[in-house]
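Chain by chain, the residues run as shown.
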Amino acid sequence: MTAPPTAAPPAADEAGATAQAKKQKGAAKRRPSLSRRGELLTGYTFMTPWIIGSLVFTVGPMLWSLYLSFTDYHLVLGGDFIGFENYRAMFEDPMFARAVKVTLLYVVLAVPLKLLASLAVAMLLTQKRRGIGFYRAAFYMPSLIAMSVGMALVWKALFAADGPQDQFMSLFGWEGGGFIGNPDVSILMLVLLSVWTFGAPMVIFMAGLLQVPGELYEAAEVDGAGKWHRFVHITIPMLSPVIFFNVLMETVHAFQMFGPAFIIGGTAGGPAWSTLFYTVRIYALAFVDLRMGYASAWAWMLVLAVGVVTLIMFRAAKNLVYYAGEDNR
Amino acid sequence: MIRHPHRLRRRSLLTGASAAAVLAAAAACGDDGPAGTADDPIEISFEWWGDETRADLTNQVIDLFQQKNEGIKVKANFADFPTYWEGMAGRMASRDLPDVFQMDYSRLRQFGGAGMLLPLEGVVKTDDFREGFLDTAKLDGQLIAVPAAGNTLGLIYRSDWFEQHGIATPAPGYTWEQYGADIAALTPALGEGKWGGGDWAGQYHFMELWLRQQGGSFYTEDGKALNFTKEQLAEWWATTADLYAAGNVPPVETTIEWTEDGLVQDALASEIGWDNFMPGFSPTVAENGGTLALAAPPSLDPGNLGLYLKPSMQLVISGTTEQPEAAAKFIDFFLGDPEAIAILGTNRGIPATNTGLENVELDEYAQAVLDYEASVSEYLTTPPPAPPAATGAIEVKFGEIYQQVQYAAMTTTEAADLFFTEAETLLASEQ
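Rules behind the numbers
- Residues numbered from 1 in each chain as written.
- Chains lettered and ligands numbered in written order.
- Predicted model: local features only at pLDDT ≥ 70, side-chain atom pairs only at ≥ 80, totals over all residues.
- Heavy atoms only, no water.
- Phe/Tyr/Trp six-rings, centres within 6.5 Å; stacked < 30°, edge-to-face > 60°.
- Helix = DSSP H or I, 4+ residues; strand = E, 2+ residues; numbered from the N terminus.
- Buried < 20%, exposed > 50% of the residue type's maximum accessible area, 1.4 Å probe, protein only.
- Lys NZ or Arg CZ within 6 Å of the ring centre and 35° of its normal.
- Axes fitted to C-alpha atoms, helices over the stretch in contact; angles between N-to-C directions.
- Parallel < 35°, antiparallel > 145°, perpendicular 65-115°, else oblique.
- Contact = heavy atoms within 4.5 Å.
- Nonpolar A, V, L, I, M, F, W, Y, C, P; charged D, E, K, R; others polar.
- Buried area = accessible area lost by both parts, 1.4 Å probe.
- Salt bridge = Lys/Arg side-chain N within 4 Å of Asp/Glu carboxyl O.
- Pairing = 2+ DSSP bridges.
- Domains from an automatic or database assignment.
- Left-handed = near helix turned anticlockwise from the far one by under 90°.
- UniProt positions renumbered as here; feature names shortened; annotations may be inferred.
- Lys, Arg positive; Asp, Glu negative; His and termini not counted.

**Considerations on the packing of aromatic side chains**
Aromatic rings considered in pairs are described by the distance between their centres and by the relative angle of their planes.
Thought 1: Under the criterion given, the structure shown has 57 aromatic pairs over all chains.
Thought 2: For the pair Phe 70 of chain A and Tyr 87 of chain A, a centre-to-centre distance of 5.5 Å together with 40° between the ring planes defines the contact as tilted. Here Tyr 87 of chain A lies in helix α3 (residues 85-90) and Phe 70 of chain A lies in the loop between α2 (34-68) and α3, a separation of 17 residues in the sequence.
Thought 3: Under the relative-accessibility criterion, Phe 70 of chain A is labelled buried at 18%.
Thought 4: The exposure class of Tyr 87 of chain A is buried, given its relative accessible area of 14%.
Thought 5: Plain terms: the ring middles of Phe 277 of chain B and Phe 281 of chain B are 6.0 Å apart, the flat faces sit at 75° to each other, and that makes the pair edge-to-face.
Thought 6: Given a relative accessible area of 11%, Phe 281 of chain B falls into the buried group.
Thought 7: The structure contains a cluster of three or more aromatic residues connected by ring pairs, namely Tyr 204, Phe 218, Tyr 219, Phe 228, Trp 237, Phe 398, Tyr 402, Phe 419 and Phe 420 of chain B.
Thought 8: Positioned above the aromatic ring of Trp 161 of chain B is the side chain of Arg 158 of chain B, whose terminal nitrogen or guanidinium carbon lies 3.8 Å from the ring centre.

**Some remarks on the packing of helix α7 (residues 204-213) of chain B against helix α16 (residues 391-406) of chain B**
Residues and elements named next belong to chain B.
Thought 1: Contact geometry for α7 and α16: axes closest at 9 Å, N-to-C directions at 95°. Comparing the axis directions of α7 and α16 gives the class roughly perpendicular. Counting all contacts with α7, which are made through Tyr 204, His 205 and Met 207, the residues of α16 involved are Thr 391, Glu 395 and Phe 398.
Thought 2: Per-class residue counts for the contact of α7 with α16 are three nonpolar, two polar and one charged.

**Quick word on the interface of chain A and chain B**
Thought 1: Listed by partner, the interface residues are 36 residues for chain A and 32 residues for chain B.
Thought 2: In this assembly, chain A packs against chain B so that about 2700 Å² is buried in total across both faces, 63% of it on carbon and sulfur atoms.
Thought 3: Inspection of the region where chain A meets chain B yields two salt bridges.
Thought 4: Measuring nitrogen to oxygen at the nearest pair gives 3.5 Å for the salt bridge that ties Asp 289 of chain A to Lys 397 of chain B.

**Here we look at the sheet that holds strand β10 (residues 310-317) of chain B**
All names here are of chain B.
Thought 1: With respect to topology, five strands assemble into an open sheet ordered β2-β1-β3-β10-β6, the strand pairing being mixed. Strands with a single pairing partner mark the edges of an open sheet, and in this sheet they are β2 (72-79) and β6 (146-151). Taking each pair of neighbouring strands and ignoring which way they run, the sheet shows an average axis angle of 15°.
Thought 2: Note: strand β1 (residues 42-49) against strand β3 (residues 100-103), two bridges, orientation parallel. Bridging from a neighbouring strand, Glu 47 pairs with Phe 101 of β3.
Thought 3: With respect to the sheet, helix α12 (residues 324-336) is in contact with β1, β2, β3, β6 and β10, its orientation differing from that of β10 by roughly 150°.

**Overview of the domain arrangement of chain B**
It is common to give the size of an interface as the accessible area that goes away when the parts come together.
All names here are of chain B.
Thought 1: Looking at chain B, the domain boundaries give domain 1 (42-149 + 310-367) and domain 2 (153-308 + 384-428).
Thought 2: Placing the centre of domain 1 and that of domain 2 at their C-alpha centroids yields a distance of 28 Å.
Thought 3: On the domain 2 side, the residues contacting the 13 residues of domain 1 number 18 residues.
Thought 4: With both chains or domains summed, domain 1 and domain 2 bury close to 1300 Å², and 62% of this area falls on carbon and sulfur atoms.
Thought 5: Our enumeration of links across domain 1 and domain 2 arrives at one salt bridge.

**Observations concerning the packing of helix α11 (residues 278-287) of chain B against helix α15 (residues 364-375) of chain B**
Residues and elements named next belong to chain B.
Thought 1: Contact geometry for α11 and α15: axes closest at 9 Å, N-to-C directions at 135°. Put simply, α11 runs oblique to α15. With respect to the hand of their crossing, α11 and α15 are arranged in right-handed fashion. Between α11, through Met 278, Pro 279, Ser 282, Pro 283 and Ala 286, and α15, the contact on the second element is made entirely by Tyr 365, Ala 366, Ala 368 and Val 369.
Thought 2: Per-class residue counts for the contact of α11 with α15 are eight nonpolar, one polar and no charged.

**A word on the pattern of salt bridges**
Thought 1: Throughout the structure, instances matching the rule amount to 19 salt bridges over all chains.
Thought 2: Glu 47 of chain B is the partner of Arg 91 of chain B in a salt bridge, and the nearest nitrogen-oxygen pair spans 3.0 Å. Placement of Arg 91 of chain B in helix α3 (residues 81-93) and of Glu 47 of chain B in strand β1 is noted, with a sequence separation of 44 residues between them.
Thought 3: Residue Arg 91 of chain B is classed as partly exposed on the basis of its relative accessible area, which comes to 24%.
Thought 4: Note that Lys 310 of chain B and Asp 104 of chain B form a salt bridge whose closest N and O atoms lie 3.6 Å from each other. One end of the pair, Lys 310 of chain B, is in strand β10; the other, Asp 104 of chain B, is in the loop between β3 and α4 (108-112), with 206 residues separating them in the sequence. Each member of the pair, Lys 310 of chain B as well as Asp 104 of chain B, is classed as buried.
Thought 5: If you follow the salt bridges from partner to partner, you end up with Arg 281 and Asp 289 of chain A together with Lys 397 and Glu 422 of chain B in one network.

**Digging into the UniProt feature "transmembrane region" (unreviewed entry) in chain A**
Residue and element names in this part refer to chain A.
Thought 1: UniProt records the feature "transmembrane region" (unreviewed entry) for residues 40-64, 104-125, 137-159, 187-210, 231-249, 261-280 and 292-314 in the present numbering.
Thought 2: Taken end to end, residues 40-64 has its terminal C-alpha atoms 31 Å apart, with 100% of it in helix and 0% in strand.
Thought 3: Span residues 261-280 is 40% helix and 0% strand, its end C-alpha atoms 7 Å apart.

**Looking at the sheet that holds strand β7 (residues 153-158) of chain B**
Hydrogen bonding along the main chain pairs the strands of a sheet, whether they run parallel or antiparallel.
Residues and elements named next belong to chain B.
Thought 1: With antiparallel pairing, three strands are arranged side by side in an open sheet as β8-β7-β9. Where the open sheet ends on each side, the last strands, each with one partner, are β8 (270-274) and β9 (292-295). Averaged over all neighbouring strand pairs, the angle between strand axes comes to 35°, with direction disregarded.
Thought 2: Note that β7 and β8 share five bridges and pair antiparallel. Bridging across to β8, Gly 154 finds its partner in Gly 273.
Thought 3: Across the sheet, α11 is in contact with β7, β8 and β9; its angle to β9 comes to roughly 150°.
Thought 4: Contacts between α15 and the sheet are confined to β7 and β9, with β9 contributing the most and set at about 15° to the helix.

**Structural notes on the environment of Asp 417 of chain B**
Residue and element names in this part refer to chain B.
Thought 1: Considering the arrangement of structural elements, one finds Asp 417 in helix α17 (residues 412-428).
Thought 2: For Asp 417, a relative accessible area of 34% corresponds to the partly exposed category.
Thought 3: In this structure the C-alpha to C-alpha distance between Asp 417 and Leu 186, which are 231 residues apart in sequence, comes to 34 Å.

**Focus: the side chain of Glu 373 of chain B**
Residue and element names in this part refer to chain B.
Thought 1: Here Glu 373 is to be found in helix α15.
Thought 2: The buried charged residue Glu 373 lacks any salt bridge partner; its closest oppositely charged side chain belongs to Arg 130, at an N-O distance of 4.3 Å.
Thought 3: What Glu 373 contacts, discounting residues up to four positions off in sequence, is Arg 130, Gly 150, Asn 151, Thr 152 and Asp 275.

**Thoughts on unusual backbone geometry**
Peptide bonds are trans in most cases, and residues, glycine excluded, mostly fall at negative phi.
Thought 1: Of note in the backbone geometry, Asp 162 of chain A takes a positive phi value of approximately 65° without being a glycine.
Thought 2: Checked against the element boundaries, Asp 162 of chain A lands in the loop between α6 (149-158) and α7 (164-170).
Thought 3: Although it is not a glycine, Asp 266 of chain B adopts a positive phi angle of roughly 65°.
Thought 4: With respect to the helices and strands, the residue Asp 266 of chain B is situated in the loop between α10 (252-255) and β8.

The structure is reproduced here in structure tokens:
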């Protein structure tokens, strides 16, 4: 029998781990036997390099930056403890509002578009056709290179004045020039870059789609349901845990958008602060303005915001996500 | 979940791993001992900002230095200007600066004030510098940098286009109004995709020039505050408003994509800039069939051009270097060795040492810079004290906020307000 759609998506990620943990809650509570403890020891020993690495390079710096966020630490001159002053100052900082606006706009545009694109392509690629493997690889390709410096530079060239985008759109009466120099639309360039790299959610959607039991469709067809009805009443509900996972991951990623924005817009988020992403501003505060304390406070505000957004999503998911086989839902 | 872990070799694996760790730790403890021989050279690092041309020349000089000083190895690295300083800021915080690195006057206080630079009096040779060149190498009376070259502001212009379109040669005392009028006359005459001059209002250095022409300065003497009013800033930013609105200077949509200077791209007929940029631009302009010339920048007061001799690039030694002698030796070589100077030429500007000046081969363009500096020498006034540490950030902010004016997202008054808020926050952050 095909695995039920409750199985965690194949990508080894936090949400996947949570689902796994949930399933094993009962089992884990039992006291491990002696040989099991030996296994544990071996397991942890093999994990030591990773644990040390994450303590030194992730947890340590994070705690340090949490401390810094309560100081007026200047990258060169040092600083003193100032309590919540940084967090207060943020709300009077005109750049804070701008950075938040740009980032939210990006999240709102990029996440749904990217998910729609990846779902659409995933549905095409789960059909049984000859050579489908080639297409799957081909559509995944952009995701491998897109967040690279080279791709950002290519993107920059595509959207330059008189570049391909400008020339193409001019055919239809566009007079806004290249996206790069036009603050009204420059963010679309980054949205498109993100949409184009739909490979990761696409693969996850494909895995989800392949796990929807075929008999449901057959039964629906027998009852006379059309393509659209089958999609809305079978595919979407059965896929909802995977959709939820993808929405969550993509949203969290979108909030952290940095690389391409930094390469295309620079530390100033050019043109005219239209690509001044929250993370780009953090970078500029820390390494151009040298205000490490304040930059840390910004960073922790982002952690907080992403945390709250995630929490809201989990709450919303309770009613929206259907886990087959879990009747208490 | 792993159901069948391979347990057989667990013990031997662990033993092997710990043995390897011990070995690695032991190897790391090895000491270099007394260094500085050909077999066991000491290593110094040297970093600068610039492009590949400069890298080629610099690497040749480093090779030469290593040939002549067998016990010293120089590890070199470079980046473009903004990247360079972003990197240096982080490395300054982690006390990981290169032994020798290139310094800019705008960052001298940021690094020197934090005690990051080695005092150079008695460490490097100081007896051969041209007059006035060491004035801007001191911080609170202490020598912490030596200049590789000096420069001053000027008007770099296409003499062929000026002549062809009947624009009089700019001479000292040339007013801002006249310059604006000349640009307005040139742009339509030059045709599509070319402009008579660039928008000068977004450059902090040019506003400083304008303030100095009024007897003012950008920062107060103690470097803790801005020394002008919001109204003055709004007025400055409005100086190009008419030219901009009429399309007589290139629009920001165009310049934002420029990766090369407008003069080099055959798109600008003139631009205020550092005089030592002219020799760099000239060969390309000549290929385009043009000729560049230098003149005094426009002024408000024919008797006061606001100019001063600024070190275009300085060399400094990190305060935490373990090899101060080798570092000093390298600097002395870089600035004073005739062969090194012959290789470096005027890439970093006209050499700051007398030996340098005697040994450098001046092409016609470099000679033009030298002639220009001689022609305005009577106008050179006392340089401002080394600007506050936040200058680098303030300079960036100045351009960023002016861009808002160019995009018509803010009026000059709103932009000036915002600039003051931002600059004052930055200045306060270092006190």
